[in-house]
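Chain residues, written in single-letter form:
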Amino acid sequence: QVQLVESGGGLVQAGGSLRLSCVASGNTANINSMGWYRQGLGKQRELVGGQTTGGSGHIADSVKGRFTISRDNAKNTVYLQMNNLTPEDTAVYYCAADPVSLRVGVPVYWGQGTQVTVSS
């Protein structure tokens, strides 16, 4: 089993930045891809992006140029750096991990989520 714990959410003004962190524990050898989803109020869950153990990454078009995903395999940690935030980025951000890929099916492992609120 794998446990994911997110941190770094909070309230920020539009134009500001936040960095989310997610630490994996447990059977981390079972993880290939780690990354982030988000779900705003009344919206569908959206894949923000992810990165594989080998360093292959992807990021959603909606956040490209503003958000960056990085990963420290030695620390079993994935980060989401969010810059130039807008109120539309307000959502619960979930860390996710999967033995294969975040982009195929539903990820196996999920964190509890961390709230990001961007005020105008």
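Described below are features of the structure shown in this document. On a predicted model such as this, the values are computed, not experimentally measured, just so you know. (Residues numbered from 1 in each chain as written. Predicted model: local features only at pLDDT ≥ 70, side-chain atom pairs only at ≥ 80, totals over all residues. Heavy atoms only, no water.)

**A few points about the environment of Leu-47**
Mapped onto the elements, Leu-47 comes out in strand β5 (residues 46-52). Separated by 59 residues in sequence, Leu-47 and Val-106 place their C-alpha atoms 10 Å apart. Excluding residues that lie within four positions of it along the chain, Leu-47 makes contacts with Trp-36, Tyr-37, His-58, Ala-60, Leu-102 and Arg-103. (Helix = DSSP H or I, 4+ residues; strand = E, 2+ residues; numbered from the N terminus. Contact = heavy atoms within 4.5 Å.)

**Things to note about the nonpolar core**
Counting 26 residues, the largest nonpolar core has Leu-4, Met-34, Trp-36, Phe-67, Leu-80, Met-82 and Tyr-93 as its most contacted members. Mapped by element, the contributors of at least two residues to this core are β1 (2-7), β3 (18-26), β4 (33-39), β7 (67-72), β8 (77-82), β9 (91-98) and β11 (114-119). Residue contacts for Leu-80: discarding those within four places in its chain leaves Leu-18, Arg-19, Leu-20, Trp-36, Val-48, Phe-67, Thr-68, Ile-69 and Tyr-93. (Core = buried A, V, L, I, M, F, W, Y, C linked by side-chain atoms within 4.5 Å. Buried < 20%, exposed > 50% of the residue type's maximum accessible area, 1.4 Å probe, protein only.)

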